[in-house]
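Here are the chains, one letter per residue:
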Amino acid sequence: MDFRQLGATDLRIAPVVFGGNVFGWTIDEKTSFAILDAFVDHGFNAIDTADVYSRWSPGNEGGESETIIGNWLKANPSKRDQILIFSKVGSDLGGAGQKGLSERWITEAIDGSLRRLQCERIDLYFSHWADPATPYEETLRAYEKLLKAGKIRAIGASNLDAQQLGEALAVSQAQNLPRYDVLQPEYNLYDRSGFDGALKDLCLQNNLGVVTYYSLASGFLSGKYRSEKDLTQSARGDGIAKYLTERGQRILQALDTVAARHTAKPAEIALAWLISSKGVTAPIASATRRDHVASFAKAATLILTAEDKAELEHASTP
């Protein structure tokens, strides 16, 4: 497995990160354990989750994903040294004051995440969303205390635009505070505008690691969803409908063409494109079956040609 340095952190990750949003939502604990075992067996080593996963599912309160990962680690204690755990803080957990990036909430939320994960440290802790109500300095000072206490190893940010990330980095430098060393943006062959351009340039200039979410556009880039009737196949169907456009069909056609050249699946090509993209350290991708994890392994070894990349990028141009 080709491990990659994650920006300026001391973390090295395989070319695909597992997306733990499915745990406690579309797959139960038993299936989650089997998927995690397969993921590690294939040589991958990073799992992404958040304190809010998967609060959106009926009957859930948040924390379900972290709890399942924690139970898996308890059942397999030797696996903790084989993996890196990413989690996030800031999303609304529903209780009074249980959201945002204040020092008070970060200090409380980290202990909840560690308790659910049943471990002493989170390797990479993300600010899940921007919090206009809290100064960057307050948030970064809270993280500084967690770093010194050994509760986290590195910090990152998700869903920040170029201006917000630039402001946060400037505060870190001016105040001699820890900086965001990793960005987690939405980025895939369909959704490119949010990262391409100023945000990508900023990450490259500052040696930030980048792990992309919605790397398969909620599953659309797998090629399984080509019409309205296909949306009933998944609990994520409502989120996929927006991709059923003329441009979306062009992208699927290009994926089919490139996949045929490599005897691969469209999803494997879509992930391989991200893995080979300048500025991207690794895509985050979810799996609900063991064969999905096998596809991650194939994507990690695929070598796309210049012709392949040009065809995919031409098809995805708005």
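Residues numbered from 1 in each chain as written. Predicted model: local features only at pLDDT ≥ 70, side-chain atom pairs only at ≥ 80, totals over all residues. Heavy atoms only, no water.

## Quick look at the nonpolar core
Consideration 1: With 93 residues, the main nonpolar core has Tyr-125, Tyr-143 and Leu-165 as its most contacted residues.
Consideration 2: Ranked by residue count, the leading element in this core is helix α9 (residues 266-275), at 8 residues.
Consideration 3: Setting aside residues up to four positions removed in sequence, Tyr-143 forms contacts with Val-89, Leu-101, Ile-106, Tyr-125, Phe-126, Ser-127, Ile-152, Ile-155 and Tyr-180.
Consideration 4: Counting 15 residues, the second largest nonpolar core, distinct from the first, contains Leu-11, Val-17, Phe-86 and Val-211. (Core = buried A, V, L, I, M, F, W, Y, C linked by side-chain atoms within 4.5 Å. Buried < 20%, exposed > 50% of the residue type's maximum accessible area, 1.4 Å probe, protein only. Helix = DSSP H or I, 4+ residues; strand = E, 2+ residues; numbered from the N terminus. Contact = heavy atoms within 4.5 Å.)

## Focus on unusual backbone geometry
Consideration 1: Following Tyr-53, the chain continues to Ser-54 via a peptide bond in cis, the omega torsion being 0°.
Consideration 2: The backbone of Asn-159 shows a phi angle near 65°, a positive value even though the residue is not glycine.
Consideration 3: Looking at the element boundaries, Asn-159 is found in the loop between β7 (152-158) and α5 (162-175).
Consideration 4: Positive phi, close to 50°, is recorded for Ala-217, a residue that is not glycine.
Consideration 5: With respect to the secondary-structure elements, Ala-217 resides in the loop between β9 (209-212) and α7 (237-240).

## Brief notes about the side chain of Lys-200
Consideration 1: Here Lys-200 is to be found in helix α6 (residues 198-205).
Consideration 2: Under the relative-accessibility criterion, Lys-200 is labelled buried at 15%.

## Overview of the packing of aromatic side chains
Consideration 1: Taken as a whole and assessed by the stated rule, the structure comprises 14 aromatic pairs.
Consideration 2: Plain terms: the ring middles of Phe-18 and Phe-23 are 5.3 Å apart, the flat faces sit at 5° to each other, and that makes the pair stacked. Across the pair, exposure class does not vary: Phe-18 and Phe-23 are buried alike.
Consideration 3: Ring plane angle 35° and centroid distance 5.7 Å describe the contact between Tyr-187 and Trp-273, whose orientation is recorded as tilted. With Tyr-187 in the loop between β8 (182-184) and α6 and Trp-273 in helix α9, this residue pair connects regions lying 86 residues apart in the sequence.
Consideration 4: You can call Tyr-187 buried: its relative accessible area is 1%.
Consideration 5: Residue Trp-273 is classed as buried on the basis of its relative accessible area of 1%.
Consideration 6: Cluster of aromatic residues (ring-pair linked, three or more members): Phe-18, Phe-23, Phe-39 and Phe-44.
Consideration 7: Note that Arg-247 overlies the ring of Tyr-190, its terminal NZ or CZ placed 4.4 Å from the centroid. (Phe/Tyr/Trp six-rings, centres within 6.5 Å; stacked < 30°, edge-to-face > 60°. Lys NZ or Arg CZ within 6 Å of the ring centre and 35° of its normal.)

## Notes on the packing of α9 against helix α10 (residues 290-301)
Consideration 1: Two elements in contact, α9 and α10, have axes separated by 8 Å at closest approach and are oriented at 45°. Classified by the angle between their axes, α9 and α10 sit oblique to one another. Handedness of the α9/α10 crossing: right-handed. Two secondary-structure elements touch here, α9 through Glu-268, Leu-271, Ala-272 and Ile-275 and α10 through Ser-295, Phe-296, Lys-298, Ala-299 and Ala-300.
Consideration 2: Of the residues assigned to the contact of α9 with α10, the class counts are 6 nonpolar, 1 polar and 2 charged. (Axes fitted to C-alpha atoms, helices over the stretch in contact; angles between N-to-C directions. Parallel < 35°, antiparallel > 145°, perpendicular 65-115°, else oblique. Left-handed = near helix turned anticlockwise from the far one by under 90°. Nonpolar A, V, L, I, M, F, W, Y, C, P; charged D, E, K, R; others polar.)

## Remarks on the pattern of salt bridges
Consideration 1: Under the counting rule described, the total for this entry stands at 19 salt bridges.
Consideration 2: A salt bridge links Arg-116 to Glu-66; the nearest nitrogen and oxygen atoms lie 2.8 Å apart. Of the two residues, Arg-116 is situated in helix α3 (residues 103-117) and Glu-66 in helix α2 (residues 64-75); the sequence distance between them amounts to 50 residues.
Consideration 3: When its relative accessible area of 0% is taken as the criterion, Glu-66 is described as buried.
Consideration 4: Between Arg-261 and Glu-311 there is a salt bridge whose closest N-O contact spans 2.6 Å. With Arg-261 in helix α8 (residues 246-262) and Glu-311 in helix α11 (residues 306-316), this residue pair connects regions lying 50 residues apart in the sequence. (Salt bridge = Lys/Arg side-chain N within 4 Å of Asp/Glu carboxyl O.)

## Details of the packing of α5 against α6
Consideration 1: Look at α5 against α6: their axes get within 9 Å of each other, and the N-to-C directions meet at 25°. Viewed along their axes, α5 and α6 adopt a mutual orientation that is roughly parallel. Residues Ala-162, Leu-165, Gly-166 and Leu-169 of α5 pack against Ala-198, Leu-199, Leu-202 and Cys-203 of α6.
Consideration 2: Here the contact of α5 with α6 is built from residues that sort into 7 nonpolar, 1 polar and no charged.

## As for the environment of Ala-38
Consideration 1: For Ala-38, the position within the fold is in helix α1 (residues 29-41).
Consideration 2: Since its relative accessible area comes to 3%, Ala-38 is described here as buried.
Consideration 3: The sequence separation of Ala-38 and His-292 amounts to 254 residues, and the corresponding C-alpha distance is 9.7 Å.
Consideration 4: The residues touching Ala-38, leaving out its near neighbours within four places in the chain, are Arg-290 and Val-293.

## With respect to the pairing of strand β6 (residues 122-127)
Taken residue by residue, a regular strand's side chains alternate between the two faces of the sheet.
Consideration 1: Of all 6 residues in β6, 6 are buried; the element is thus mostly enclosed.
Consideration 2: Relative to β6, strand β5 (residues 84-89) is paired through 4 bridges, and the arrangement is parallel. Each residue of the ladder has a partner; that of Phe-86, found in β6, is Leu-124.
Consideration 3: A crossover connection joins β5 to the parallel β6 through α3; in handedness this β-α-β unit is right-handed.
Consideration 4: The pairing of β6 with β7 spans 5 bridges and is parallel. Pairing of Phe-126 across the sheet is with Gly-156, part of β7.
Consideration 5: Chirality of the crossover, the property in question, places the unit of β6, helix α4 (residues 136-149) and β7 among those that are right-handed. (Pairing = 2+ DSSP bridges. Right-handed = clockwise from strand over helix to strand, strands pointing away.)

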